[in-house]
Amino acid sequence: MATFDPGNDTRSRILAAARELFAERGYAATSLADIAAAVGLTKTAVAYHFHPKDRLAAELITPAAEDMLRLLGTDFEGDRPAYIRALVSFAIRHRTVIRLLMEDIGGADDAPPGSPGEAIRTFRDELYARLAGADPDDASRVRAWAVLGCVQAAAVKTVEVPGELVEKTVVRAALAIYES
């Protein structure tokens, strides 16, 4: 009798391949057939587990969304450098998902009510508010947006670079921006 290996079950293998391919090619440019080929299955087998393709994206996004809610639920007691470190850690840990969200789903500023883009905008605006503080002056607003831009760009444009190096470098850069 075969022993169940949760690290090698079909759904996990499909999700891992989808995460990698979405990060490499983007969501729109990756088909179920591409994912099936990467896992050694038929497109029908992948579709059995994840049809439509949006279900794959939703399942990949869920852990990141849960971590985002934990991050936003944490009281940093005004310690913005600690918040920045936690934000960078989150972004690097979930950088393939952030790339999916920002580059493929994106358009948060123009997103209609009830869309995934609206949810992204809501999270982004809360991150900004925590960085900028209450009633920010112009310099604080610029720094907050610059920190978010630094974290986002570094997270999504360096998925092939070891996470530890990216996190260490981005924390230094984001803190330098914040403290400027």
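The following refers to the structure shown. Just so we're clear, the structure is a prediction, and the values are computed from it rather than from any experiment. (Residues numbered from 1 in each chain as written. Predicted model: local features only at pLDDT ≥ 70, side-chain atom pairs only at ≥ 80, totals over all residues. Heavy atoms only, no water.)

So, about the overall build of the protein. Within the protein, the secondary structure is distributed over nine helices and zero strands. In the protein, the order of α-helices and β-strands from amino to carboxyl end is α-α-α-α-α-α-α-α-α. Overall, the C-alpha framework of the protein stretches about 60 × 35 × 25 Å when taken along its three principal axes. Residues counted as buried form 39% of the 180 residues belonging to the protein. (Helix = DSSP H or I, 4+ residues; strand = E, 2+ residues; numbered from the N terminus. Buried < 20%, exposed > 50% of the residue type's maximum accessible area, 1.4 Å probe, protein only.)

Another aspect to go through is the side chain of His94. Following the sequence through the fold, His94 ends up in the loop between helix H5 (80-93) and helix H6 (95-105). On the accessibility criterion, His94 (11% relative accessible area) is buried. If we ignore the near neighbours within four places in the chain, the residues touching His94 are Pro63, Ala64 and Asp67. (Contact = heavy atoms within 4.5 Å.)

Inspection of the entire model under this criterion finds seven salt bridges. Ionic pairing is found between Asp34 and Arg25, a salt bridge with its closest N-O pair at 3.1 Å. We classify Asp34 as partly exposed; its relative accessible area is 26%. Judged by its relative accessible area of 39%, Arg25 falls in the partly exposed class. Linking Arg141 and Asp138 is a salt bridge whose minimum nitrogen-to-oxygen distance equals 3.3 Å. Here the residue Arg141 and the residue Asp138 both occupy positions in helix H8 (residues 138-157), the gap between them amounting to three residues, near one helical turn. The class of Asp138 is exposed, set by a relative accessible area of 55%. Several salt bridges share partner residues, and in doing so they unite Asp67, Arg70 and Arg93 into one network. (Salt bridge = Lys/Arg side-chain N within 4 Å of Asp/Glu carboxyl O.)

Now for helix H2 (residues 32-39). Each turn of an α-helix holds 3.6 residues, which means side chains three or four residues apart point in the same direction. Looking at H2, one finds that the buried residues are Leu32, Ile35, Ala36 and Val39. One side of H2 carries all its buried residues, which in axial view fall inside an arc of 100 degrees. Exposed residues pointing more than 90 degrees away from the buried face of H2 are listed as Ala37 and Ala38. Once H2 ends, the next one or two residues include Gly40, with phi positive near 80 degrees. (Arc of directions from axis to C-beta.)

So, about the packing of aromatic side chains. Here the structure, examined in full by the defined rule, presents three aromatic pairs. Their ring planes at 70 degrees and their centres at 5.5 Å tell us that Phe76 and Tyr83 sit as a pair that is edge-to-face. (Phe/Tyr/Trp six-rings, centres within 6.5 Å; stacked < 30°, edge-to-face > 60°.)

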